[in-house]
Amino acid sequence: MSIKITPEMIQGHRLSMEEYDLICQYIGREPNFEELGVFSAMWSEHCGYKNTKPLLKMLPTKGKHVIFGPGENAGVIDVGDKDAIAFKMESHNHPSAIEPYQGAATGVGGILRDIFTMGARPIGLLDSLRFGSPESDKTKHLVDGVVSGISGYGNCMGIPTVGGEVFFEDTYNQNILVNVFCMGLAKKDKIVTSQATGVGNWLVYYGATTGRDGVHGASFASAKLEEAEELKSAVQVGDPFMEKLLLEATMELIDKNLVIAAQDMGAAGLTSTSTEMGTKGGHGVKLVLDNIPKRAKDITAYEMLLSESQERMLALIHPSRWKEVKAVLDKWGIYGVVVGELTEGGRYAVEYNGKTVVDLPLDSIVEKVPLYKREVLPYPSYFKDLKPVVVHKKISIEEGVKKLLGSPNIASKHWVYEQYDYMVGDNTVLRPGKAGASIVRIPGRKKGVAVSTDCNSRFVYLNPETGAAIAVAKAARNIVAVGGKPLAITNCLNFGNPTDLDIYYQLYHAIQGMKKACETLKTPVTGGNVSLYNEGKYGSIYPTPTIGMVGLLKDADKQMTPDFKKEDDLIYLVGETLEEIDGSEFAKVFFSQIGKNCPLLDIQKEKKVQKAVFKLIKKDLLRSADDITLGGLAVALVKGAVRGNKGFEVNLSSALSREAVLFGETQSRFIITVSPKKEKKAAQYLKSKKIPFLRLGKVRDHSNIDIGLNEEKARMNVEELRNIYYQSFEKSIL
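Small disclaimer: the values here were computed from a predicted structure and weren't measured.

1. Quick notes on the environment of L371
Secondary-structure assignment places L371 in the loop between helix 15 (362-366) and helix 16 (397-405). For L371, a relative accessible area of 41% gives the class partly exposed. For the pair formed by L371 and T52, sequence separation is 319 residues and the distance between their alpha carbons is 7.9 Å. Sequence-distant contacts of L371, that is, excluding residues within four places in its chain, are made with G48, Y49, K50, K53 and P54.

The following block contains the structure:
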């Protein structure tokens, strides 16, 4: 008995009546219930990118290192010696806000599958996490659940979690962000794509059984969080032990050349995987659902098509290889069944119990998703309410340093990363917390991959274009500071409701800023993810275009670190400090203000400064390097001392405000230390490249830190500061 499609049902599937009319026009009739589910999933923002696809086309996606860019399961870059790195970042925001453990765990599982689906063995995970106020009991619950979910899944898989970031801001009280990054190593000649070709070739389902968990997951991720909370069943449940079997089986299938194309069943499950693979190959698809291993006897065709049960894959094989494929799957103890084939004619046909339940033109599902271009305002309405930070009381150097060093956004996150197994595989050369980027050695090689995630959402809120460009520049600075050459990025664009023109302004200009920065720094975008509708009843989150960047070190043992190392080393500031305090951690911590103006960014100067520091490291002229970020110059200096267990003496003289000099977050700056023997060469090089630099003082092998600014002096104890830095985060969140 057919189910009558009603306006309420259409709305419940998060389709507008205009979109429903378009569907009827494309297929020449009204869809049935199963077909409505297919369109609901594939025309969701999560799968269809209907508000962002026109904007994403502006991003640079080609470069000399890029093998595969956007459109594949992950981006892939060439790192030499016939090696390739596949990498990608995805969001699992709504699921993690509702069920933090499973939401975060399945976020890890999903991004791992994106990588090994391409024939790349995962070698590193990073997590970019954003929560609300750390004083909130809800935040404490969410932090514990998310961190436990990430460690529970990643540790069981034996994949090191090597870095990431944790940031707290009231704007995330209602809607946290869980962005997960993964990279994997592949041989260039063993990369498998999702392009399904060859009429008559078979589609093989393998992995876990199909249940009702995750049904409507794609449309769930495209809804406001308060609406999504009604769909707790849309949160998937993960099994890392099954995923481990799936990983090894997939790697063996690809190594034996048994797979023509493959894709994991992520958002929208079997529907998304089969329609996208067929579309990319230019063929039709026929599925027969009867053979699918089911968790419930009464599961329907609708539920099987839309289920997002985890740890499942779809592979395209030649029929003659089926016995070999089945033998591999049997060896690893996982289900494997033939569920369909590629056909001529461009139709998407699905059968169950001897009946056709879906019969649609394939292009209407994937290629004819309605795309929305909205008005770009001259400026968003909230700009008129922004006011510059007012420093209404003097904060002493000592008070400023101590309170900022203990801020949960600056203090060491060792409580988080010590729950992760970051050394498994024995290739993590630079561990989490040691620098702004981590380094993973490519097994069997001298070279290593430097990775970092970054975004300051305050800056993006104040100026979406400049703030997003800063996110790219800052991620690159992290890579450069450890001795790596930035190569490419992935991204996770976390925004509110795009139908709100203030939000659309943020989205449009953030992508413009990302575009300009990536073009200048020659770090093309290889892929990523868009997560919209991140908001609650009190409004949207700050726009958060998280950047995941990959760089290369030809010799991983020649890494640079930020810790001060030897008595009498000279401390230098590279780059120029400006009169800027808005958007800073200092303004937020001491005055509860965000301000009006984002720090300036001259991307050409940024490029010159980064290149100069990179060259100084390659010439072996530096003892340490670190970029200046949250907390400004004073905090960067103290972190270098605390990490190296050294003291220092620094004397500053400036006509700028003391707040800007000590705690402002001006861009394009590094702190470096140089041995006395190499000081002259380093200074001459910077001078020859016309890079601003300033000698600040010396590293001391004693227990004190001395900072002077004009006539003001402060002395602090290294051990006391060390305790603040390493103990404050745990105290604030537990």
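The discussion continues.
2. A closer look at the nonpolar core
Side chains that are nonpolar tend, in soluble globular proteins, to be buried together. Ranked by size, the top nonpolar core spans 63 residues in total, and within it L112, L129 and F131 carry the most contacts. For F131, the contacting residues outside a window of four places in its chain are T139, L142, V143, V146, V166, F167, F168, E169, Y172 and I176. F459, A517, V525 and L553 belong to the second largest nonpolar core, which has 53 residues in total.

3. Focus: the pairing of strand 5 (residues 161-168)
Side-chain positions along a regular strand alternate between the two faces of the sheet. A large share of strand 5 lies buried, amounting to seven of its eight residues. Alignment of strand 4 (residues 121-131) against strand 5, held across seven bridges, turns out to be parallel. Each residue of the ladder has a partner; that of L126, found in strand 5, is G163.

4. Structural notes on the side chain of E45
With respect to the secondary-structure elements, E45 resides in helix 4 (residues 45-48). Buried and unpaired, E45 has K50 as its nearest opposite-charge partner, separated by 6.0 Å.

5. Notes on the state of the cysteines
Two cysteines form a disulfide when their sulfur atoms are joined by a covalent bond. In this structure the tally under the stated criterion is zero disulfides. Here C182 stays unpaired: no disulfide links it, and the sulfur of C492, its closest cysteine neighbor, is 14 Å away.

6. Re the pattern of salt bridges
The final tally for this structure, using the stated rule, is 48 salt bridges. A salt bridge links R212 to E303; the nearest nitrogen and oxygen atoms lie 2.9 Å apart. Of this pair, R212 sits in the loop between strand 7 (202-207) and helix 9 (217-220) while E303 sits in helix 13 (residues 301-306), and the two are 91 residues apart along the sequence. Between D359 and R347 there is a salt bridge, and its shortest N-O distance comes to 3.2 Å. Taken together, the residues D359 in strand 13 (residues 355-361) and R347 in strand 12 (residues 347-352) connect sequence positions 12 residues apart.

7. With respect to unusual backbone geometry
With a phi close to 60°, R14 is a non-glycine residue in the positive phi region. With respect to the helices and strands, the residue R14 is situated in the loop between helix 1 (7-12) and helix 2 (17-27). For S668, which is not glycine, the phi torsion reads 60° and is therefore positive. Along the chain, S668 falls in the loop between helix 24 (658-663) and strand 25 (670-674). A residue is classified by how much of its surface remains accessible, and S668, at 10% relative accessible area, is buried.

8. Notes on the sheet that holds strand 17 (residues 485-494)
The six strands are arranged 14-15-16-21-17-18 in an open sheet whose pairing can be described as mixed. Either end of the sheet is taken by a strand with one partner, and the two such strands are strand 14 (428-430) and strand 18 (525-531). Going across the sheet, the axis of each strand differs from the next one's by a mean of 25°, ignoring polarity. The sheet contacts of helix 20 (residues 501-521) involve strand 17, strand 18 and strand 21 (544-553), and relative to strand 17 the element is tilted by about 175°.

9. Structural notes on a positive patch on the surface
On the surface, K64, K485, K522, K554, K558, K607, K611, K615, K618, K619 and K689 cluster together into a patch of positive charge. With four residues, helix 22 (residues 603-618) is the largest single contributor of residues to the positive patch. Looking at the secondary structure, you find K558 in the loop between strand 21 and strand 22 (570-574). Owing to a relative accessible area of 61%, K558 belongs among the exposed residues under this scheme.

10. Considerations on the pairing of strand 21
The buried count for strand 21 comes to 10 of 10 residues, which makes it a mostly enclosed element. Residues T544, T546, G548, V550 and L552 of strand 21 are buried on one face, and the alternating residues P545, I547, M549, G551 and L553, pointing to the opposite face, are buried as well. Of the pairings in the sheet, the one linking strand 16 (residues 448-454) to strand 21 comprises seven bridges and is antiparallel in character. In the sheet register, D454 faces strand 21, and the bridge partner there is I547. Pairing analysis gives nine bridges linking strand 17 to strand 21, with the strands arranged antiparallel. Across the sheet, T490 pairs through a bridge with G548, a residue of strand 21.

The rules we used
Residues numbered from 1 in each chain as written. Predicted model: local features only at pLDDT ≥ 70, side-chain atom pairs only at ≥ 80, totals over all residues. Heavy atoms only, no water. Helix = DSSP H or I, 4+ residues; strand = E, 2+ residues; numbered from the N terminus. Buried < 20%, exposed > 50% of the residue type's maximum accessible area, 1.4 Å probe, protein only. Contact = heavy atoms within 4.5 Å. Core = buried A, V, L, I, M, F, W, Y, C linked by side-chain atoms within 4.5 Å. Pairing = 2+ DSSP bridges. Lys, Arg positive; Asp, Glu negative; His and termini not counted. Salt bridge = Lys/Arg side-chain N within 4 Å of Asp/Glu carboxyl O. Disulfide = S-S within 2.5 Å. Axes fitted to C-alpha atoms, helices over the stretch in contact; angles between N-to-C directions. Patch = residues over 30% accessible without salt bridge, like charges linked within 9 Å, V, L, I, M, F, W, Y side chains within 5 Å. Areas by Shrake-Rupley, 256 points an atom, 1.4 Å probe, with all protein chains shown as cover. Charge placed at Lys NZ, Arg CZ, Asp CG, Glu CD.

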